[in-house]
Amino acid sequence: STRHCPWKMNQLPPKSPVASPVSESMNSRVEALDNLSMDSFWLEVENIKQSAEAEQEECSLADVKTQEEGEAEAEWLQDAGLSELLGEPGSDKDNLVLLSTLTKTQAAAVQRRLDTYSRSRRRKNKHPVRHVRDIFGVVNSEDTAAEKEESSPDPLWHNLRTSNTQRKSQDYSCTVRNPGKEEVFNMDVAYSEQAAVLLKGSFLSESRKMKDGNALTRFKIPKGRLGVTRIGDLSAQDMKKIPTLALIELTALCDILGFELKRNKAAKLKTTEKRLFGVPLNTLLENDQKLLPNTKVPLLLQALLSCLEKRGLETEGILRVSGSQTRIKSLEQKLERDFYSGLFRWDEVHQNDVSGLLKRFIRELPAPLLTAEYLPAFAAVQNIPDLKQRLQALNLLILILPEPNRNTLKALLEFLSKVVARENNNKMNLWNVSTVMAPNLFMHKGLPNKIPEGKEKQLAEGAADVVRMMIHYQDLLWTVSSFLVAQVRKLNESSSKRYQFCDKRIKNLLRKIHADKDKVEKNQGEPSKIVKVHASLLLKDSLEVHLNNATRVADVLKQFQKNLCQNGWNIVNTVNLLKCNNSVECTNLLLYEVGGNIGEHCLDPDTYLLDLYHINPHAEWIIKQNPSYPRMF
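For the protein, the name recorded in an unreviewed UniProt entry is RHG40 protein, with Rhipidura dahli as its organism. The record in UniProt for the protein states the following under Function (unreviewed entry): "GTPase activator for the Rho-type GTPases by converting them to an inactive GDP-bound state."

Enquirer: Got a sec to walk through the overall build of the protein? Specific residues and values, please.
Expert: A count of helical and extended segments in the protein gives 24 helices and nine strands. Once local pairs closer than 6 in sequence are excluded, the contacts in the protein between residues at least 24 apart make up 80%. Split by element, the accessible area of the protein, about 29,300 Å² in all, is 49% carbon and sulfur.

Enquirer: Describe the nonpolar core, listing the residues and the values that go with them.
Expert: By size, the foremost hydrophobic cluster in this structure holds 130 residues, and its most contacted members are Leu319, Phe378, Phe442 and Met470. If you look at the next biggest cluster of nonpolar residues, it comprises 21 residues, including Ala535, Val545, Leu610 and Trp621.

Enquirer: Break down helix 9 (residues 281–291) for me, with residues and values.
Expert: Given 3.6 residues to a turn, an α-helix orients residues that are three or four positions apart in the same direction. Considered for burial, the residues of helix 9 that qualify are Leu281, Leu284, Leu285 and Asp288. The arc that holds the buried residues of helix 9, viewed along the axis, is 95 degrees, so those residues lie on one side. On its buried side, helix 9 packs onto helix 10 (299–311), helix 12 (351–364) and helix 15 (403–421).

Enquirer: I'd like to hear about the environment of Leu276, residue by residue, with values.
Expert: Of note, Leu276 is situated in the loop between helix 8 (242–257) and helix 9. On the accessibility criterion, Leu276 (1% relative accessible area) is buried. Counting along the chain gives 85 residues from Leu276 to Phe361, while the straight-line C-alpha distance between them is 8.2 Å. Not counting residues up to four positions away in its chain, the partners in contact with Leu276 are Leu284, Leu300, Leu335, Glu336, Phe339, Tyr340 and Phe361.

Enquirer: Give me unusual backbone geometry: which residues, what numbers.
Expert: Of note, Thr371 is a non-glycine position whose phi angle comes to about 75 degrees, a positive value. Of note, Thr371 is situated in the loop between helix 12 and helix 13 (375–380). A positive phi angle, close to 60 degrees, is found at Lys427, a residue other than glycine. Here Lys427 lies in the loop between helix 16 (423–426) and helix 17 (430–442).

Enquirer: Break down empty space enclosed by the protein for me, with residues and values.
Expert: Scanning the entire structure with this criterion turns up eight cavities of 30 Å³ or more. Taken as a whole, the largest cavity encloses approximately 80 Å³ of empty space. Every residue lining the largest cavity is listed: Glu44, Asn47, Ser322, Gln325, Ile328, Gly356, Lys359, Arg360 and Arg363. Elements supplying a minimum of two residues to the lining of the largest cavity: helix 1 (24–53), helix 11 (325–338) and helix 12. Ranked by residue count, the leading element in the lining of the largest cavity is helix 12, at four residues. There is about 50 Å³ of room inside the second largest cavity.

Reading the values: rules and limits
- Residues numbered from 1 in each chain as written.
- Predicted model: local features only at pLDDT ≥ 70, side-chain atom pairs only at ≥ 80, totals over all residues.
- Heavy atoms only, no water.
- UniProt positions renumbered as here; feature names shortened; annotations may be inferred.
- Helix = DSSP H or I, 4+ residues; strand = E, 2+ residues; numbered from the N terminus.
- Contact = heavy atoms within 4.5 Å.
- Areas by Shrake-Rupley, 256 points an atom, 1.4 Å probe, with all protein chains shown as cover.
- Core = buried A, V, L, I, M, F, W, Y, C linked by side-chain atoms within 4.5 Å.
- Buried < 20%, exposed > 50% of the residue type's maximum accessible area, 1.4 Å probe, protein only.
- Arc of directions from axis to C-beta.
- 1 Å grid on protein atoms, 1.4 Å probe; cavity = no way out; pocket = protein on both sides within 12 Å on 5 of 7 lines; lining within 4 Å.
- Points joined across faces, edges and corners; volume = space filled by probe spheres on them.

Written as structure tokens, this is what we have:
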């Protein structure tokens, strides 16, 4: 039992009263499979326990302290880029530009946190912060709705709470999704806005008893006229804005679904004399980048994954079968000594020991890979009844993660997918891999570890289910929603327009923003346009392109390829463009949108350029070489 384990499952909120229904026949059919498959989870817990008992003195993360009333809201407002609302004298007033991009549900989420914080300040008899009515223009009476215990600051929130209360008594016996069916995953409209609409009906739920990855619902992201944006397609400057927007949207989504978004307070990390294991990701990457610039995933993790991919993918029970703890500890010491010198001999290490080192590396991170702040939120995803909304929450959480954590998690999940793909040989299906990896991601020696009596199995299955979703749906989860990209554009535009925020209702502000948008849309009637596409790093000439409603990025790249081969353009960098047969490889080229209301944006080949031009007419379009494409030296 995990109750006696020094590293226990991070404390999770109780299960939502809205549970996923499963028929009695399905229960009886899969009960044996459930019991068998969860054995891997508890075996992994026991292995972690044994490893921890010998090294309890090596705890490197301070205990997380409980936050006082209002402290969580203040920290949330700061993380959401709205510290100016707290009345801090040194705040950057440009952060208020963020308010101009908010949807109705997002604005309501901000308002509720500000209400709670203001109320806590007044209770402590401290100098009041800027009153909520000065920011949002709420209420006409003396007492704000936020001060009423059973009331809410706006009609929308009241309706949402009422709907949530009514939803608890609904019958969900006929709402199980059909496994294996393909559904649309809408990323054009904010998830919280979609959820608000769904409150009028019932929530669909996916059976949690379906452990076969082939039975999981398939989701398709419909490509709009502007294509799909993946993590990595936006510039670092624009990506810095995404976590803030994703946090606000996640909070709004949880508010509507009736779930409290709990975050741990960040703890101070203790220093360690080690160079590899137990070292913060940022420190690891700083050291690695001295050897190999632009490294995004720790070199040790890359080496562990590479070794397993070469020799371990076909091994039966890989990840599940534990190597020798004594050998693993000895190997860790050798790696600390010889890894950076290149003297470590990977070919002499058994695959099960390498998988043990991989899991140990993840567990030994001073802070959880999913971060101490958001690990409870990742765990709470299991409580959302609807599969699509669970994935929406996970998508936002992954966008919130710091870049080193997100890149490291992606590298791990890509490897785990390769393990699952060899299921016929290694006997490790999606659920097996998920149950083995869940304890390594959700158990951490420095976090709260109380588990309600009798909840162990429920929490264990929920954690494994979250890992299963991250592995199976990782392509979807590593997508930046179109509505977030649109908000980044609005942020960049609003920074120059300098809208006035104070003493005006947020709804009036939003009306002004939308009115400006409508004016732009009215001017989008041009049926065609001639633009220039640059390729300064490759050519001295530019490409003149005639755009119409059917012109896509892929068409421009093909035209560029054709002209390059037929017209004898002056090529600046021939080596990187030509293959051995002297033909240009079109997949080696990408088209970027640069400037205007975006920093830099790598465009989807299916993006319709006339539509993009209307949205960002001041941008330049530049063809560049694909940075991930192998160079032809």
